[in-house]
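Residue-level listing of the chains:
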Amino acid sequence: DGGITQSPKYLFRKEGQNVTLSCEQNLNHDAMYWYRQDPGQGLRLIYYSQIVNDFQKGDIAEGYSVSREKKESFPLTVTSAQKNPTAFYLCASSRTDTGNQPQHFGDGTRLSIL
Amino acid sequence: QQPVQSPQAVILREGEDAVINCSSSKALYSVHWYRQKHGEAPVFLMILLKGGEQKGHEKISASFNEKKQQSSLYLTASQLSYSGTYFCGTELGGATNKLIFGTGTLLAVQP
């Protein structure tokens, strides 16, 4: 079955440490997205990519970095510059052949600070 | 820029109806609706395009008023499975697929 796989499900970060969240999709979607969700809050866009080797900052990109070397993969690195990284991180993907395409989400990674 | 959803939370008994609103201060190209169960991924419900189109998904339907820059989600004869947080995602420009999500409406359906 096609879908989006995020790993790990839970992640703990020490002060000053960079951590990378994995996102893989086998839906053959061109576009991929990373969102951050804080308790009781909506989804805020961190980065998105509409094609391999290209990505754009979202609304809260500071302290995060991404790469898009393969169509299937869009890893997110939470750097030590992100002072408040504790949150639920969601990866999504969508088609881009026409507009108005639904986004399909992974099950998320919950990141906490030790 | 973030759309405003109302109400923030609503509690229903099974079989009752509810309306969730999503308002934007900017002109909208489309509105997406998603439902998220606690600790799970959001699940796509439907997309509304500008033009006042109304769509349905089982007993859940929605409308999009382009002039008012507002979309409403209608849940009729609610079931326990409808419980969750509902998010609208607004798309400002055509063919970008970039969404700005509202803060969500928590819906709890009780037996």
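Residues numbered from 1 in each chain as written. Chains lettered and ligands numbered in written order. Predicted model: local features only at pLDDT ≥ 70, side-chain atom pairs only at ≥ 80, totals over all residues. Heavy atoms only, no water.

Participant: Which parts of the structure should I look at to understand the pairing of strand β3 (residues 18-23) of chain B?
Facilitator: In the case of a regular strand, side chains alternate between the two sheet surfaces. All names here are of chain B. Judged by which residues are buried, β3 turns out to be one-sided: Ala18, Ile20 and Cys22 face inward and are buried, whereas Val19, Asn21 and Ser23, on the alternate face, are not. Bridge analysis of β3 against strand β8 (residues 70-75) gives six bridges, and the strand direction is antiparallel. Within the sheet, the bridge partner assigned to alanine 18 lies in β8 and is leucine 75. (Buried < 20%, exposed > 50% of the residue type's maximum accessible area, 1.4 Å probe, protein only. Helix = DSSP H or I, 4+ residues; strand = E, 2+ residues; numbered from the N terminus. Pairing = 2+ DSSP bridges.)

Participant: I tried to follow the interface of chain B and chain A on my own but got confused; where do I start?
Facilitator: One frequently used descriptor of interface size is the decrease in accessible area upon assembly of the parts. Taken together, the contact between chain B and chain A spans 22 residues of the former and 25 residues of the latter. Counting each side, the surface lost to burial between chain B and chain A is near 1,800 Å², with a carbon and sulfur contribution of 53%. Counting across the chain B and chain A interface gives zero salt bridges. Run the count over chain B and chain A and you get two residue pairs in polar contact (both at pLDDT 80 or more). At the level of elements, β4 (30-36), β5 (43-49) and β9 (84-91) of chain B are the ones that each hand at least two residues to the side of chain B that touches chain A. Among the elements that make up the side of chain B that touches chain A, the one with the highest residue count is β4 of chain B (four residues). Its residues assigned to classes, the side of chain B that touches chain A shows 11 nonpolar, eight polar and three charged. (Contact = heavy atoms within 4.5 Å. Buried area = accessible area lost by both parts, 1.4 Å probe. Salt bridge = Lys/Arg side-chain N within 4 Å of Asp/Glu carboxyl O. Polar contact = N/O pair within 3.5 Å; in protein donor to acceptor, adjacent residues only side chain to side chain. Nonpolar A, V, L, I, M, F, W, Y, C, P; charged D, E, K, R; others polar.)

Participant: What am I meant to see in the side chain of arginine 68 of chain A here?
Facilitator: Along the chain, arginine 68 of chain A falls in the loop between β7 (64-66) and β8 (76-78). For the buried arginine 68 of chain A, which has no salt bridge, the nearest side chain bearing the opposite charge is aspartate 30 of chain A, at an N-O separation of 5.9 Å. (Lys, Arg positive; Asp, Glu negative; His and termini not counted.)

Participant: Mind showing me how you'd approach the pattern of salt bridges here?
Facilitator: Once the charged atoms of two side chains with opposite charge are near each other, the side chains can pair. Residue and element names in this part refer to chain A. Scanning the model with the defined rule gives four salt bridges over all chains in all. Notably, a salt bridge pairs aspartate 97 with arginine 95, separated by 2.4 Å at the nearest N-O pair. Residue classification places arginine 95 among the partly exposed positions, given a relative accessible area of 40%. Put simply, Arg36, Asp38 and Arg44 are held in one network by salt bridges that share partners.

Participant: How do you make sense of the sheet that holds strand β3 (residues 19-25) of chain A when you look at a structure like this?
Facilitator: Strand pairing in a sheet relies on backbone hydrogen bonds. The paired strands run either parallel or antiparallel. Residues and elements named next belong to chain A. The four strands are arranged β1-β3-β8-β7 in an open sheet whose pairing can be described as antiparallel. Looking along the sheet, the strands with just one partner apiece sit at the ends: β1 (4-7) and β7. With strand direction ignored, the average angle separating the axes of adjacent strands in the sheet is 20°. Where β3 lies against β8, three bridges are found, and the strand directions are antiparallel. Paired with leucine 21 across the strands is leucine 76, a residue of β8. (Axes fitted to C-alpha atoms, helices over the stretch in contact; angles between N-to-C directions.)

Participant: Please explain the layout of surface pockets as it appears in this structure.
Facilitator: In this approach, a probe sized like a water molecule rolls over the atoms, and the result shows the empty space that is left. In this structure, the largest pocket spans a volume of roughly 500 Å³. Lining the largest pocket are 23 residues, with Gln37, Asp38, Pro39, Gly40 and Gln41 of chain A sitting closest to its centre. Going through the elements one at a time, β9 (87-94) and β11 (109-113) of chain A together with β9 and β11 (105-110) of chain B are the ones with two or more residues in the lining of the largest pocket. With three residues, β11 of chain A is the largest single contributor of residues to the lining of the largest pocket. (1 Å grid on protein atoms, 1.4 Å probe; cavity = no way out; pocket = protein on both sides within 12 Å on 5 of 7 lines; lining within 4 Å. Points joined across faces, edges and corners; volume = space filled by probe spheres on them.)

Participant: Any chance you could explain the nonpolar core here in plain terms?
Facilitator: It is characteristic of soluble globular proteins that their nonpolar side chains tend to be buried jointly. Formed by 21 residues in total, the largest nonpolar core has its most connected members in Trp33, Met46, Leu73, Leu75, Tyr82, Tyr86 and Leu107 of chain B. The next biggest cluster of nonpolar side chains, apart from the first, holds 20 residues, and it includes Val19, Cys23, Ala87 and Tyr89 of chain A. (Core = buried A, V, L, I, M, F, W, Y, C linked by side-chain atoms within 4.5 Å.)

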